[in-house]
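Residue-level structure breakdown
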Amino acid sequence: MAVLKPLLTETGAEPIGKLVIGTVKGDLHDIGKNLVAMMMEGAGFQVVDLGLDTQPEKFVNAVRELNPDLLGMSALLTTTMPAMGDTINALIEAGLRDRVKVMVGGAPVTQGFCDEIGADAYSPDAASAVDTALELVGAPKK
Amino acid sequence: MTPRESQSAIMTRSAAERYAERHRRYTTALRNGKPDRVPIRPFVAEFTARHAGVTCQQVTHDYRLAFEAVRRTAMDYDWDAVVSNMVYCWTGLTEAIGLKYYGVPGLHVPKDVGFQYREPPEEEAWMPPEDYDALIGDPTGYLLNVWLPRVSRDVVAPGAPNTARNNLSFLSGGMAMMSYFNAFGEQNRRLREECGVVPAIAGILKAPLDILADKLRGYLGLCSDLFERRDKVRAACEALMPHLFHVALSGADPNREVPIGFWMHRSCVPLVSPDDFNEFFWPTLKPIVLELWRLGHQVLFYAEGNWDAHLETFAQLPEGSIVFHVDRTDIFRAHRVLGHKFCLSGGVPNALLSYGRPEQIRARIRQIIDGVARDGGYIMDASAIIMNDAKPDNMRVLTDFTHEYGVY
Ligand code: B12
């Protein structure tokens with residue numbers, strides 16, 4: 001991955017949007033999240049990776065301070081999926097929900113779950129995550 | 001006979017009858033046959049604690065409580081087979097040797113979160129890349145003399161100054177190991193004789209490539225190695241084969257009735273490319289599976305993730321030699337490619353059991369039974385291990401609807 005990164009990202013163009021991404025609280029799985037982050041960078045997004053086991057407050061602060069277009073959350077455990085909903089609620093409480101589009105993903109996550117917690121989009125894999133992200137920021141699909 | 005004795009004789013007899021019936025049902029399906037109804041064998045982990053009304057910390061600290069929770073859950077739900085203890089990490093053992101890699105509930109993670117394996121960052125992998133030759137030269141020696149001192153806070157490496165803690169760790173670790181592992185025999189006896197439930201698997205197998213990623217190099221380390229030192233990866237996988245074969249065989253069911261559990265963590269797409277699967281994973285796994293089968297042992301492929309790309313490869317194995325468990329693999333494709341030779345299990349998404357509605361669960365079960373279980377050769381289970389987020393009501397729906405709709 002480290003070998004590919006410069007090839008994927010050094011295009012020199014203006015970023016088409018900013019994405020803050022992280023694995024949710026209590027979850028230590030980051031392979032899939034890293035893949036998504038890398039593909040997004042490759043597609044021209046500026047990506048800020050908060051890492052794993054990310055508390056809702058940390059997501060909220062990042063949205064407040066970095067003002068991203070997109071917030072991505074990843075969960076691989078059925079036990080940690082609710083932390084996505086908690087984070088969205090924390091964004092609402094902080095009055096920031098309208099400032100950012102929320103994308104969710106990870107093996108157990110579904111479109112139905114995405115709708116239930118009030119996220120804006122779900123993608124089953126990294127490639128479709130890029131398409132969805134481009135759509136959300138109003139950029140043409142590649 | 002006193003009334004009490006005769007009552008217990010009746011109960012014992014009926015447990016024995018229940019055992020015989022469930023055993024027949026489960027083993028018939030394992031052999032890809034058609035039993036009286038679809039057997040239920042959920043891989044329940046922390047869910048058992050939830051059912052027994054205790055915390056994850058309690059079942060992790062006290063294996064007797066964990067065993068009891070398993071027996072109670074299996075009996076109360078009327079399941080055919082269960083794993084003797086899926087919350088297999090026991091604090092007594094991990095703390096006796098100061099094992100670094102588990103987060104234990106109540107000690108390192110909150111008391112109501114399941115125990116968890118923690119993978120070190122790439123640069124702190126348990127095995128650095130320079131160690132390949134030592135591992136290849138003597139895998140068992142390497143694990144004992146180099147790997148163990150690294151993963152333990154107390155064990156010192158040979159040649160380093162001895163410590164009292166080192167001595168104690170072998171003493172208390174050995175005692176802990178003995179009492180815990182011996183207790184499994186008793187647990188299995190009680191499952192059979194008191195609960196009439198079949199212990200679902202016996203023994204453990206891991207693939208050489210998986211163990212390399214899992215407990216030695218870490219996933220990222222292995223990815224670099226697949227670029228930079230492919231010959232070492234191949235030699236290490238080959239060197240690990242006898243060790244892993246031996247581990248699998250020594251825990252296997254002497255009666256050859258239930259399969260060896262084979263945990264397939266990290267060798268499907270996109271974790272590993274199809275080429276690397278063909279070059280490393282399969283050639284160093286297949287001979288182990290074939291040899292176990294030659295000795296009469298079936299292997300349960302607990303195929304975590306999506307293995308669509310590899311079903312045709314598995315289809316080459318001898319008829320009946322494996323059971324294929326479905327996580328995210330397309331279960332209908334698995335049935336088309338493997339169903340004529342092997343039993344399948346699983347395929348009910350865990351998220352459905354935690355957050356789904358009863359009618360969604362019923363719909364999925366109907367789809368599975370109609371699609372893959374019509375001629376037998378299917379065992380009901382969730383996709384992945386069932387933790388304490390699964391809803392008891394949903395587990396009840398899974399059970400009751402399978403009982404109802406799964407009758408042949
Ligand atoms: C690797 C792994 C681990 C590693 C993680 C290493 C790491 N740095 O990530 C380790 C060993 C540490 C681990 C630990 C545990 N794990 Co684990 N793990 C897995 C495993 C084998 C692979 C996951 C993976 O990386 N897949 C590959 C990636 C590429 O796929 P992905 O994550 O789904 O991502 C893709 C999409 O989902 C999507 N996507 C992902 N994130 C996002 C985000 C956004 C915004 C979008 C749009 C899309 C998107 O795009 C990605 C690329 O296509 C799975 C089983 C499996 N094979 O699936 C179990 C699994 C997830 N683990 C499981 C369990 C139980 C655990 C433990 C509790 C085990 C234990 N008792 O120790 C601990 C918990 C640790 C914790 N607190 O998180 C269970 C979960 C069961 C459940 N009920 O939910 C699974 C399913 C295994 C099983 N079958 O039982 N695990």
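Remember, it's a predicted structure, so these values are computed and weren't measured experimentally.

Here we take up the coordination of the cobalt atom of the ligand. Counting protein donors around the cobalt atom of the ligand gives one, H29(A) (NE2), at 2.3 Å. Residue position: H29(A) is located in the loop between strand 1 (17-23) and helix 2 (31-42).

Membership of the largest hydrophobic core comes to 122 residues, with the highest contact counts inside it found for L212(B), F301(B), F314(B), F324(B) and M395(B). For this core, the element with the most residues is helix 10 (residues 230-251) of chain B, which contributes eight residues. Ignoring anything within four residues of it in the chain, the contact list for M395(B) reads P42(B), V44(B), F47(B), Y77(B), W79(B), L353(B), I386(B) and A390(B). Of all hydrophobic cores here, the second largest spans 26 residues; its members include L50(A), M84(A), C114(A) and Y122(A).

Residues and elements named next belong to chain A. For the pair helix 2 and helix 6 (residues 126-136), the least separation of the axes is 9 Å and the interaxial angle reads 50°. Here helix 2 lies oblique to helix 6, going by the angle between them. The crossing of helix 2 and helix 6 is right-handed. Together, L35, V36, M39 and M40 of helix 2 and A126, A127, A129, V130 and A133 of helix 6 make up the contact between the two elements. For the contact of helix 2 with helix 6, a count of residues per class yields nine nonpolar, no polar and no charged.

Time to look at the interface of chain A and chain B. Between chain A and chain B, the residue contacts involve eleven residues of the former and 13 residues of the latter. For the pair chain A and chain B, the summed buried area comes to about 1,100 Å², and 69% of that belongs to carbon and sulfur atoms. When residues of chain A are sorted by the area they lose upon contact with chain B, I31(A), T78(A) and T79(A) head the list and together hold 40% of the total. If you look at where chain A meets chain B, you find zero salt bridges. Applying the counting rule to chain A against chain B returns three residue pairs in polar contact (both at pLDDT 80 or more). Grouping the amino acids of the side of chain A that touches chain B by side-chain chemistry returns eight nonpolar, three polar and no charged.

Time to look at the site of the ligand. Every one of the 39 residues lining the ligand counts as a neighbour, but L28(A), H29(A), D30(A), Q116(B) and Y117(B) are closest to it. The environment of the ligand is shared, with nearby residues belonging to chains A and B. At 2.9 Å from a nitrogen atom of the ligand is found a main-chain nitrogen or oxygen belonging to F115(B). Contributing elements (two or more residues each) for the shell around the ligand: helix 2, strand 3 (70-74), strand 4 (101-105) and helix 6 of chain A together with strand 3 (116-117) of chain B.

Turning our eyes to something else, we now look at the pairing of strand 3 of chain A. All names here are of chain A. Extensive coverage of strand 3 is indicated by the burial of five of its five residues. Of the two faces of strand 3, the one holding L70, G72 and S74 and the one holding L71 and M73 are both buried throughout. Direction of pairing for strand 1 relative to strand 3: parallel, over a ladder of five bridges. Bridge pairing in strand 3 links I21 to G72.

Scoring rules and cut-offs
Residues numbered from 1 in each chain as written. Chains lettered and ligands numbered in written order. Predicted model: local features only at pLDDT ≥ 70, side-chain atom pairs only at ≥ 80, totals over all residues. Heavy atoms only, no water. Donors = N, O, S within 2.8 Å, 3.2 Å for Na, K, Ca; no water. Helix = DSSP H or I, 4+ residues; strand = E, 2+ residues; numbered from the N terminus. Core = buried A, V, L, I, M, F, W, Y, C linked by side-chain atoms within 4.5 Å. Buried < 20%, exposed > 50% of the residue type's maximum accessible area, 1.4 Å probe, protein only. Contact = heavy atoms within 4.5 Å. Axes fitted to C-alpha atoms, helices over the stretch in contact; angles between N-to-C directions. Parallel < 35°, antiparallel > 145°, perpendicular 65-115°, else oblique. Left-handed = near helix turned anticlockwise from the far one by under 90°. Nonpolar A, V, L, I, M, F, W, Y, C, P; charged D, E, K, R; others polar. Buried area = accessible area lost by both parts, 1.4 Å probe. Salt bridge = Lys/Arg side-chain N within 4 Å of Asp/Glu carboxyl O. Polar contact = N/O pair within 3.5 Å; in protein donor to acceptor, adjacent residues only side chain to side chain. Near = heavy atom within 4 Å. Pairing = 2+ DSSP bridges.

Functional significance is not addressed by these values, which are geometric in nature.
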